[in-house]
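# Residue-level structural notes
So you can see what is in the structure, the chains are spelled out below.
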Amino acid sequence: MNKFTKEVMSVGEMASGAKLTVPVYSFKSENNSAASVYIQANMHGAEVQGNAVIFQLLELLQHCDLRGNITLVPYANPVACNHKNGEYTLGRFDPITGVNWNRMYHFNQSMIQPFAEQYLDANEADIRDDFKRFLVTELDQKLAHNIWGITTGQRIAYQLQRLAHQADIVLDLHTGPISSKHLYCPEYAQASAEYFDIEHTILIDNDFGGAMDEATFCPWWSLQQAFEKLGRNFTMGKGAFKRESFTVELGSQEQIDLDVAKEDASSILAYLHSQGVIDNQQYQPKAMTRYACYLKDYKAIYSPMGGMVDYLAEFGKPLAAGEPLARILRMDNYGDGEALHNVSVDEDVIPILHFASASVNQGTELYKVFCNYFKL
Ligand SMILES: [Zn+2]
């Protein structure tokens, strides 16, 4: 049986002096021949299912044949996790600054070109090790040697990112509001999407927007592009350069389901088996039709009017152009106007998630849908 270690990482202090801490669980593989893995959950306060998935992963990994090191971090953001208002958890945005908690990670594009020039003729192992060290050192500088200080959210994000940069594979566990499962996958790692038991994949390119997945794969993708420009062949995802990061959206916020979490954990283990991190044949991806679209075709539909929404469209089912996604009830119009309005789009779509509340303002993001989708 594999043993794990548990540490408590300090990520900040509250006004009262109370420490903000995050639990960090680690499995160390004895032969450590495969890629290393970092998995975190609950960066957004209401997105709690990932904690249950990490519980199930900790249970299952104790009985796996481990080939690589695995670090697991539930409750990644203690501020967001405890950010309640009435019966609801908020915790998508830092309440002080209004910034999305998952847009505070760090990537310095300007360090790529000088590194590529300096390491143009270096061997692959040196490039991998030194580039990793470079990324971690940059965060250490920001955390410890920065005369201007950093925000509460950056302090949490950089500490997590420090752990993530040391791994080869990064999984950031989130959920939608009311949502189907879906996966954000870098375009170059598309082949890996078929190992997750997730029917919908959004393929993202090399644009850094501040999220954890981008913060951990963009530096490597950018390094590959810089090497290619300088005439050096350098392919990510092969041998020493296995670098993959995903945001795994596990369904809806504000709920955990331990049975579903076990299925989600098995799905993650099927992916880790495919990457050689564990050697356990019983974890295989399920046969299913997997749809994908590019990020530019993952569209939000905003409410054309205020009102009360009856969400009609089922997640994951292709919906023909013109078919109603939702109908909006306007009781103020009853008797002397139109009380019911259908919302539809003139394009074939697959609905993926919708807003969590039935009452919406004009302009509220009602649904997010796949357009121009294709089978993986
Ligand atoms: Zn999220």
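Residues numbered from 1 in each chain as written. Predicted model: local features only at pLDDT ≥ 70, side-chain atom pairs only at ≥ 80, totals over all residues. Heavy atoms only, no water.

## A word on the domain arrangement of the protein chain
Structurally, the protein chain comprises domain 1 (4–288) and domain 2 (298–371). Between domain 1 and domain 2, the residue contacts involve 11 residues of the former and 10 residues of the latter. Summing both sides of the interface, domain 1 and domain 2 together bury roughly 860 Å²; the carbon and sulfur share of this comes to 74%. Inspection of the region where domain 1 meets domain 2 yields zero salt bridges. Counting every contact that joins domain 1 to domain 2 gives two residue pairs in polar contact (both at pLDDT 80 or more). Elements that contribute at least two residues to the side of domain 1 that touches domain 2 include exactly strand 8 (178–179), strand 9 (181–186) and strand 10 (200–204). At three residues, strand 10 tops the list of elements feeding residues into the side of domain 1 that touches domain 2. Looking at the side of domain 1 that touches domain 2 residue by residue, the classes come out as four nonpolar, seven polar and no charged. (Domains from an automatic or database assignment. Contact = heavy atoms within 4.5 Å. Buried area = accessible area lost by both parts, 1.4 Å probe. Salt bridge = Lys/Arg side-chain N within 4 Å of Asp/Glu carboxyl O. Polar contact = N/O pair within 3.5 Å; in protein donor to acceptor, adjacent residues only side chain to side chain. Helix = DSSP H or I, 4+ residues; strand = E, 2+ residues; numbered from the N terminus. Nonpolar A, V, L, I, M, F, W, Y, C, P; charged D, E, K, R; others polar.)

## Description of unusual backbone geometry
One non-glycine residue, Asn-42, adopts positive backbone phi at about 75°. Take Asn-42: its relative accessible area is 0%, and that puts it in the buried class. (Buried < 20%, exposed > 50% of the residue type's maximum accessible area, 1.4 Å probe, protein only.)

## Focus: the side chain of Asn-100
Here Asn-100 shows up in the loop between strand 6 (88–89) and helix 3 (112–118). Asn-100 gets classed as buried once you look at its relative accessible area, which sits at 10%. For Asn-100, the side chain forms a polar contact with the main-chain nitrogen of Asn-102, separated by 2.8 Å. If near-sequence neighbours (up to four positions away) are discounted, Asn-100 is found in contact with His-44, Arg-92 and Phe-93.

## Some points on the coordination of the zinc ion
Six octahedral donors around a metal ideally sit at 90 or 180 degrees from one another, while four tetrahedral donors ideally sit at 109.5 degrees. Surrounding the zinc ion are the protein donor atoms His-44 (ND1), Glu-47 (OE), Glu-47 (OE) and His-174 (ND1), which sit 2.0 to 2.7 Å from the metal. One way to put it: the four donor atoms around the zinc ion meet at angles of 54 to 146°, and that makes the site irregular. All donors of the zinc ion belong to a single chain; written as a sequence motif, their spacing is H-x2-E-x126-H. Taken together, the residues span a long stretch of sequence, with His-44 in the loop between strand 3 (37–41) and helix 1 (49–61) and His-174 in strand 7 (residues 169–176) at a distance of 130 residues. (Donors = N, O, S within 2.8 Å, 3.2 Å for Na, K, Ca; no water. Tetrahedral: all angles 85-135°; square planar, octahedral: opposite > 155°, others 65-115°.)

## Observations regarding helix 7 (residues 258–274)
Over its 17 residues, helix 7 extends 24 Å from the first C-alpha to the last, a length consistent with the 24 Å expected when each residue adds 1.5 Å. In the core, the buried residues of helix 7 are packed alongside strand 3, helix 1, strand 4 (70–73), strand 7, strand 9 and strand 11 (244–252). Remark: Gly-276 follows helix 7 within two positions and exhibits a positive phi of approximately 80°. (Expected span 1.5 Å × (residues − 1).)

## A few points about the pairing of strand 14 (residues 307–311)
Judged from the two bridges that link them, strand 14 and strand 18 (residues 359–360) form a sheet pairing that is antiparallel. Across the sheet, the residue bridging to Met-308 is Ser-359, located in strand 18. When strand 14 meets strand 15 (residues 326–329), the two strands line up antiparallel, connected through four bridges. Residue pairing for strand 15: Tyr-311 is matched across the bridge by Ala-326. (Pairing = 2+ DSSP bridges.)

## Topic: a nonpolar patch on the surface
A cluster of nonpolar side chains, Met-308, Leu-329, Met-331, Tyr-334 and Leu-340, forms an exposed patch at the surface whose accessible area comes to about 550 Å². Counting through the fold element by element, Met-308 comes out in strand 14. (Patch = residues over 30% accessible without salt bridge, like charges linked within 9 Å, V, L, I, M, F, W, Y side chains within 5 Å. Areas by Shrake-Rupley, 256 points an atom, 1.4 Å probe, with all protein chains shown as cover.)

## Comments concerning the packing of aromatic side chains
All chains considered together, the criterion is met by 18 aromatic pairs. Seen from their ring centres, Phe-115 and Phe-134 are 5.6 Å apart, and the 75° between their planes marks the pair as edge-to-face. With Phe-115 in helix 3 and Phe-134 in helix 4 (residues 124–144), this pair connects stretches of sequence that are 19 residues apart. With relative accessibility at 2%, the residue Phe-115 sits in the buried group. Given the relative accessible area of 35%, Phe-134 is considered partly exposed. Ring geometry for Tyr-291 versus Tyr-373: centroids 5.6 Å apart, planes at 90°, classification edge-to-face. With Tyr-291 in strand 12 (residues 291–294) and Tyr-373 in the loop between strand 19 (365–370) and strand 20 (374–375), the pair connects residues that are 82 residues apart, well separated along the chain. Seen from the ring of Phe-227, Arg-232 lies directly overhead, with NZ or CZ sitting 5.4 Å from the centre. (Phe/Tyr/Trp six-rings, centres within 6.5 Å; stacked < 30°, edge-to-face > 60°. Lys NZ or Arg CZ within 6 Å of the ring centre and 35° of its normal.)

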